[in-house]
Amino acid sequence: MINRRLMDTLEERNVFGQHQAAFRKGRQTLDTLASIESYGKNAIATKKHAEFLFLDIEKAYDRTWRRLILEGLAKARIGGHMASFCSRFLEDRRFRVHFNGEVSSLKVLQNGVPQGSVLAVTFFLLAIDSIRQYIDRDVFLELFADDITLGVSDVNVRRARQKLQTVVNAIARWSKETGFKVAISKTAAMHVCFKRFHAKKQPTLKLENQEVEFVGSHKVLGVWLDYRLSFKRHLAKTKAECRRGLNLMRCLGKTKFGADRVTMIHLIRATLLPKLLYGIPITSGAGESEYMKLAPVYHEAIRLATGAYRSSPIDSILADSGLLPFNFLVDEHLILYSTRQLARNRINRNYPVALRARTTATKLNVNMSQVIVADAPAPNDWVLKRGTCRADRFGCEPPAVQRAVFRQTVGELYPNHAQIFTDGSLNETGGVGCGVYSSSTSRSITLPSQLTIFSAEAYAILEAIELAKRNPHQTVIFSDSFVTLSNSAGSQHTVILTVMKKRTS
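Now for a look at the structure at hand.

Conventions we followed
Residues numbered from 1 in each chain as written. Predicted model: local features only at pLDDT ≥ 70, side-chain atom pairs only at ≥ 80, totals over all residues. Heavy atoms only, no water. Pairing = 2+ DSSP bridges. Helix = DSSP H or I, 4+ residues; strand = E, 2+ residues; numbered from the N terminus. Axes fitted to C-alpha atoms, helices over the stretch in contact; angles between N-to-C directions. Contact = heavy atoms within 4.5 Å. Salt bridge = Lys/Arg side-chain N within 4 Å of Asp/Glu carboxyl O. Buried < 20%, exposed > 50% of the residue type's maximum accessible area, 1.4 Å probe, protein only. Patch = residues over 30% accessible without salt bridge, like charges linked within 9 Å, V, L, I, M, F, W, Y side chains within 5 Å. Areas by Shrake-Rupley, 256 points an atom, 1.4 Å probe, with all protein chains shown as cover. Lys, Arg positive; Asp, Glu negative; His and termini not counted. Charge placed at Lys NZ, Arg CZ, Asp CG, Glu CD. Core = buried A, V, L, I, M, F, W, Y, C linked by side-chain atoms within 4.5 Å. Parallel < 35°, antiparallel > 145°, perpendicular 65-115°, else oblique. Left-handed = near helix turned anticlockwise from the far one by under 90°. Nonpolar A, V, L, I, M, F, W, Y, C, P; charged D, E, K, R; others polar.

1. As for the sheet that holds strand 17 (residues 475–479)
Stage number 1. Strand order in the open sheet made by the 4 strands is 16-15-14-17, with mixed pairing throughout. Looking along the sheet, the strands with just one partner apiece sit at the ends: strand 16 (442–447) and strand 17. Mean inter-strand twist for the sheet, computed between neighbouring axes without regard to direction, equals 15°.
Stage number 2. Here strand 15 (residues 432–438) pairs with strand 16 via 6 bridges, running antiparallel. Bridge pairing in strand 16 links Val 432 to Leu 447.
Stage number 3. Across the sheet, helix 17 (residues 453–469) is in contact with strand 14 (418–426), strand 15, strand 16 and strand 17; its angle to strand 14 comes to roughly 155°.

2. Considerations on the pattern of salt bridges
Stage number 1. Per the stated rule, a full pass over the model turns up 17 salt bridges.
Stage number 2. Among the ionic pairs, Glu 58 bridges to Arg 63, the shortest N-O distance being 3.9 Å.
Stage number 3. Judged by its relative accessible area of 28%, Arg 63 falls in the partly exposed class.
Stage number 4. Measuring nitrogen to oxygen at the nearest pair gives 2.4 Å for the salt bridge that ties Arg 250 to Glu 300. In this pair, Arg 250 is assigned in helix 8 (residues 232–252) and Glu 300 in helix 12 (residues 295–306), connecting sequence segments 50 residues apart.
Stage number 5. Bridged by salt links that share partners, the residues Glu 37, Lys 41 and Arg 356 form one connected network.

3. Regarding unusual backbone geometry
Stage number 1. Its identity as a non-glycine residue notwithstanding, Arg 77 has a phi of 60°, on the positive side.
Stage number 2. Looking at the element boundaries, Arg 77 is found in the loop between helix 3 (66–75) and helix 4 (80–90).
Stage number 3. One non-glycine residue, Ala 145, lies in the positive phi region at around 60°.
Stage number 4. Take Ala 145: it is sitting in the loop between strand 6 (140–144) and strand 7 (147–154).

4. Focus on the environment of Ser 87
Stage number 1. With respect to the helices and strands, Ser 87 occurs in helix 4.
Stage number 2. Residue classification places Ser 87 among the partly exposed positions, given a relative accessible area of 26%.
Stage number 3. Residues Ser 87 and Leu 70, spaced 17 residues apart in sequence, show a C-alpha to C-alpha distance of 7.1 Å.

5. Brief notes about a positive patch on the surface
Stage number 1. A grouping of Lys 219, Arg 233, Lys 237, Arg 244 and Lys 275 is seen on the molecular surface, where their side chains present a positively charged patch.
Stage number 2. When residues of the positive patch are assigned to their parent elements, the largest contribution, 3 residues, is made by helix 8.
Stage number 3. If you trace the backbone, Lys 237 turns up in helix 8.

6. Quick notes on a nonpolar patch on the surface
Stage number 1. On the surface, Met 1, Ile 2 and Phe 85 cluster together into a nonpolar patch covering about 310 Å² of accessible area.
Stage number 2. Here Met 1 shows up in the segment before helix 1 (2–12).
Stage number 3. On the accessibility criterion, Met 1 (75% relative accessible area) is exposed.

7. Overview of the nonpolar core
Stage number 1. Counting residues in each nonpolar core, the largest one holds 114 residues, and the members touching the most others are Phe 123, Ile 148, Leu 150, Ile 268 and Tyr 298.
Stage number 2. Not counting chain neighbours up to four residues away, the residues in contact with Ile 268 comprise Met 249, Leu 273, Pro 274, Tyr 298, Ala 301, Ile 302, Ala 305 and Leu 323.
Stage number 3. One finds Cys 434, Ile 445, Leu 447 and Tyr 459 within the second-largest nonpolar core, a separate group that totals 8 residues.

8. Thoughts on the packing of helix 9 (residues 261–277) against helix 12
Stage number 1. Across the interface, helix 9 lies against helix 12 with an axial gap of 9 Å and an inter-helix angle of 165°. Between helix 9 and helix 12, the angle falls in the class roughly antiparallel. The handedness of the crossing between helix 9 and helix 12 comes out as right-handed. On helix 12, the residues that touch Arg 261, Met 264, Ile 265, Ile 268, Leu 272, Leu 273 and Leu 276 of helix 9 are Val 297, Tyr 298, Ala 301, Ile 302, Leu 304, Ala 305 and Thr 306.
Stage number 2. Per-class residue counts for the contact of helix 9 with helix 12 are 12 nonpolar, 1 polar and 1 charged.

See the structure below:
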């Protein structure tokens, strides 16, 4: 409970900005990878040279200074009982080691966050965020917990290297003043452009008088990046790893003692597809001819699960197994990721992944221009000051009795309120719409056919709130969707987030 309130307050005050993607609602590793891809490919498109620095922090959680955490809380204007609790939570931490039946004496934990605690990651994010004070605004910076990526670009390759050396000097100063230690042997740099050997002709990069290695490819958050951001190496490695994983299915799929067909298909969904499709919204930038090289592994797994012959047509085994074609899965993941992150304002509409999603959506006749953006996270229950939400149901009485009970309840609770009624609808042809009705206004709205009835009901409530704001009197809004009302707290649905925000404005 304490960590939730602390984290929500930090999010409300935008303490971490857009740079940190770890341990935050609605954010994931793909956000960091999408930013890296966008920065690198924009540099290539504008004929610039981009240089990335991938930092590795040695024992990051154990080396976190408590002073940094308390300073981060103070800068975020966290005071009172919350600041007092956090300070006492960190002080006088002790530990002992149990090994081979023997227990060591108690030792005082001078630095570090108490790992295993829900507060540990939040405290660490506050401490690691101090790096932003040492980095200029024009330097590319992305963090995922202790995975730090920095980048610079310039039309002149030598100036780009000089800019990166300036960033490295700032990192050395940050490391000295905050206690974080950079593992230079695991830190790598990468030059991104179409001319492969530019990096080797430039001056070396030095961090604390040690040379930082320049590499042609580097693994970041599970995805291999290369000097052209083509993702070909990542797809090749993924294919090889997943092909080795098919041996497990061969062992489990024996005809005499193996698993049944349903279990084997569940195994594909649980073990193979997460590996094949991890990062696919980003790695699909390699092109269809490259990512479709993963499809044979997918098809072979389906054959093992269903017992189909090698000569069986692919369309037949897909229909028999009930699984989607691989290119459909790629399109689905690409569009879902882009629409969700665009709706939450996590990625830019000009990011390569968003442009690819728009092209794919156009091919599938999906209109992505109608994505609703939640301009701010919903407030939490303890900060809701205006508006209340009731979810009353009137049992199984006859309709006439229900109407009489409803009118009596409304008359007792809201005698002087203006009344607005909302409803969402989904017809047999797939059309989606919603309606808003009051004594002075009635409005019907046609919505995109891809929306669910839940979204339609939520959108009707959103329109009713906008109508209520223009009414000088107190207003009560009625909805017949119990699911929409009961799932409002803590929901990440874009329309619900907007509804919750407007309830308090």
